[in-house]
Number of protein chains: 2
Amino acid sequence: MQSLSTPETNAILSTHLEVRVVIFSLDTRGLQVLLRPLADPQHPIWELPGQAVGLDQSLDESASHCLTHYSGLQESYLEQLYTYGDVKRCHEKRLVSVVYFALIPLDKAIFKSPDHACWHAVEKLPDLLLDTGDILAYALRRLRYKLEYSAVGFELLPDNFSLSELQSTYEKILGEKLDKRNFRKRILKADIIEPTPHQRLGEGRPARLYRYRPDAVAEVKTRRLFP
Amino acid sequence: MQSLSTPETNAILSTHLEVRVVIFSLDTRGLQVLLRPLADPQHPIWELPGQAVGLDQSLDESASHCLTHYSGLQESYLEQLYTYGDVKRCHEKRLVSVVYFALIPLDKAIFKSPDHACWHAVEKLPDLLLDTGDILAYALRRLRYKLEYSAVGFELLPDNFSLSELQSTYEKILGEKLDKRNFRKRILKADIIEPTPHQRLGEGRPARLYRYRPDAVAEVKTRRLFP
DNA sequence: GCAAAAGTGTTCTTTCTACACCCATGC
DNA sequence: GCATGGGTGTAGAAAGAACACTTTTGC
């Protein structure tokens, strides 16, 4: 039994510590995840964007740096998901992956991500490296779950959005239709968004635009927004 | 940007990877956590039980091994909590702690834990190492939260328990009184416990004993048991 | 027979769900 | 003036909260 005060250095000499980020976004077709190709460009295997954790970096900093590198965004929703460290997940070496998940509004992200990374619909994923499929499944479950009791949907939208856009976001992530009147009642009652003076013009009647209340960020105790 | 295929080995040469386990239990006084003393036996600083992760060990295996070492129990509730990897949390070295939390029934645990580890009431914690206080606060929050929507309370009780004992468990963890009739209605409706033929004799009328339904373990979708 | 803990139902309030029509704009 | 998406209220069902007395045992 090793304690903090007597670490056994050789136990971690060939362990590789990395962060990976599951970056979700939303386009008209649905929920997308950013993956980068590995190996053969003809029949690539895809992996989560990630990086080794630098000696002088926190895990959070590494993940944030990685997210910025791939999305071009400085401030985004980023949360630690889970740490994967099964010995069987990689044959060559001891691989510990601290996985984060991120939500970004597609309109703000850079068009072309580095390392040929690109977006994939979560319902139609390509061949994936190692246990990446499991990680993605868990990230998606957590995202859906989080949506039910917190206010995370806004992170995928531009600063100003219409209630229909917000509802459509929830529907795409949850994969089910929601009632328009009930949706509005609940989201407004939850008191986490506020109207702006702006409107969005479109095909029909213009839509009032709303924004996420900045002071609602702190403690979002909006449990079970959509049971 | 480092990828899985080109790891920068020197970046992790002096990183220490360890697991720590927040082991909760319950006695008559309330919720307890197992801590082990560090340094001066007169004025000790306390830390979470933990160990370096062996090269041939999964994180889960390490945590499980550590839990068994300190509790004497083979099978217990054990779940990954969070991975702490801030550079500022330890001055001497790069310290990455994958923290788990565990729930054990006190009646089954060994009486004397190794390394002079002992139980402390969560409301009256001693001096703690580094960010151990933050970790404990988070573990407690997660435990309380989990109790509201899942069936985790049983893990702290013996195999057979009365409804009053179960209610008392919930009350001690949540820190509030619950209505006896409503509690019984809900816990029985949730269909996660079943009566046994046994009774517990005591000062008053004997109590029927219940047990956790083993087939209810798989997917406990009992959300918001106690809102 | 009394102390001590176990056990049990009903009413009221709140929340959830289902559902259909009018409104403002662009063309 | 019509097509398009935006916006609004109500009634019935379900779930939650509050609440007090009877039962069984040991002493």
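Residues numbered from 1 in each chain as written. Chains lettered and ligands numbered in written order. Predicted model: local features only at pLDDT ≥ 70, side-chain atom pairs only at ≥ 80, totals over all residues. Heavy atoms only, no water.

### Thoughts on the sheet that holds strand S8 (residues 160–162) of chain B
Residue and element names in this part refer to chain B.
Okay, step 1: With respect to topology, three strands assemble into an open sheet ordered S8-S10-S9, the strand pairing being antiparallel. The open sheet has two edge strands with one neighbour each: S8 and strand S9 (193–200). Ignoring strand direction, the axes of neighbouring strands in this sheet form an average angle of 45°.
Okay, step 2: Pairing of S8 with strand S10 (residues 207–212), which is carried by three bridges, proceeds in the antiparallel orientation. Paired with Ser 162 across the strands is Leu 209, a residue of S10.
Okay, step 3: Of the strands in this sheet, S8, S9 and S10 touch helix H3 (residues 163–174), which is tilted by about 85° from S8. (Pairing = 2+ DSSP bridges. Helix = DSSP H or I, 4+ residues; strand = E, 2+ residues; numbered from the N terminus. Axes fitted to C-alpha atoms, helices over the stretch in contact; angles between N-to-C directions. Contact = heavy atoms within 4.5 Å.)

### Quick notes on the pattern of salt bridges
Okay, step 1: Tallied over the full model, the rule gives 25 salt bridges over all chains.
Okay, step 2: Glu 194 of chain A is paired through a salt bridge with Arg 211 of chain A; the nearest N and O atoms lie 2.8 Å apart. You can see Glu 194 of chain A sitting in strand S9 (residues 193–200) and its partner Arg 211 of chain A sitting in strand S10 (residues 207–212), a full 17 residues away along the chain.
Okay, step 3: Take Arg 211 of chain A: its relative accessible area is 37%, and that puts it in the partly exposed class.
Okay, step 4: Put simply, Lys 88 of chain B and Asp 86 of chain B hold a salt bridge, and the shortest N to O gap is 3.7 Å. (Salt bridge = Lys/Arg side-chain N within 4 Å of Asp/Glu carboxyl O. Buried < 20%, exposed > 50% of the residue type's maximum accessible area, 1.4 Å probe, protein only.)

### Let's talk about the protein's contact with DNA strand D
Okay, step 1: Residues in contact with DNA strand D amount to 19 residues; listed here are only the nearest, Lys 180, Lys 185, Gly 204 and Arg 205 of chain A together with Arg 205 of chain B.
Okay, step 2: Protein-proximal atoms of DNA strand D, defined as those within 4 Å of the protein, fall in sugar or phosphate at a share of 33%.
Okay, step 3: Here a base oxygen of DNA strand D sits 3.5 Å away from a polar atom, N or O, in the side chain of Arg 181 of chain A.
Okay, step 4: Class assignment for the residues of the surface near DNA strand D results in three nonpolar, four polar and twelve charged. (Near = heavy atom within 4 Å. Polar contact = N/O pair within 3.5 Å; in protein donor to acceptor, adjacent residues only side chain to side chain. Nonpolar A, V, L, I, M, F, W, Y, C, P; charged D, E, K, R; others polar.)

### Some points on the domain arrangement of chain A
All names here are of chain A.
Okay, step 1: As assigned here, chain A comprises domain 1 (9–148) and domain 2 (150–216).
Okay, step 2: Each of domain 1 and domain 2 was reduced to a C-alpha centroid, and the two centroids are 27 Å apart.
Okay, step 3: Counting residues at the interface gives 19 residues for domain 1, matched by 13 residues for domain 2.
Okay, step 4: Put simply, domain 1 and domain 2 have zero salt bridges between them.
Okay, step 5: On the surface where domain 1 and domain 2 come into contact, there are two residue pairs in polar contact (both at pLDDT 80 or more).
Okay, step 6: Among the secondary structure elements, those contributing two or more residues to the side of domain 1 that touches domain 2 are strand S1 (15–27), strand S2 (30–38) and helix H2 (132–149).
Okay, step 7: Per element, the largest residue contribution to the side of domain 1 that touches domain 2 is five residues, and it comes from H2.
Okay, step 8: Of the residues assigned to the side of domain 1 that touches domain 2, the class counts are ten nonpolar, three polar and six charged. (Domains from an automatic or database assignment.)

### A few points about the environment of Ser 113 of chain B
Residues and elements named next belong to chain B.
Okay, step 1: For Ser 113, the location among the structural elements is in the loop between strand S6 (94–103) and strand S7 (118–121).
Okay, step 2: Setting aside residues up to four positions removed in sequence, Ser 113 forms contacts with Leu 34 and Tyr 70.
Okay, step 3: A distance of 2.8 Å separates the side chain of Ser 113 from the backbone oxygen of Tyr 70, its partner in a polar contact.

### Structural notes on the pairing of S6 of chain B
All names here are of chain B.
Okay, step 1: The buried fraction of S6 amounts to ten of the ten residues, a majority that puts the element mostly inside the structure.
Okay, step 2: Covered by surrounding structure in S6 are Arg 94, Val 96, Val 98, Tyr 100 and Ala 102 together with Leu 95, Ser 97, Val 99, Phe 101 and Leu 103, the residues of both alternating faces.
Okay, step 3: Bridge analysis of strand S1 (residues 15–27) against S6 gives ten bridges, and the strand direction is parallel. In the strand pairing of S6, Glu 18 is matched with Ser 97.
Okay, step 4: Here strand S5 (residues 77–84) runs beside S6; their pairing, made up of seven bridges, is antiparallel. Residue pairing in the sheet places Glu 79 in a bridge with Phe 101 of S6.

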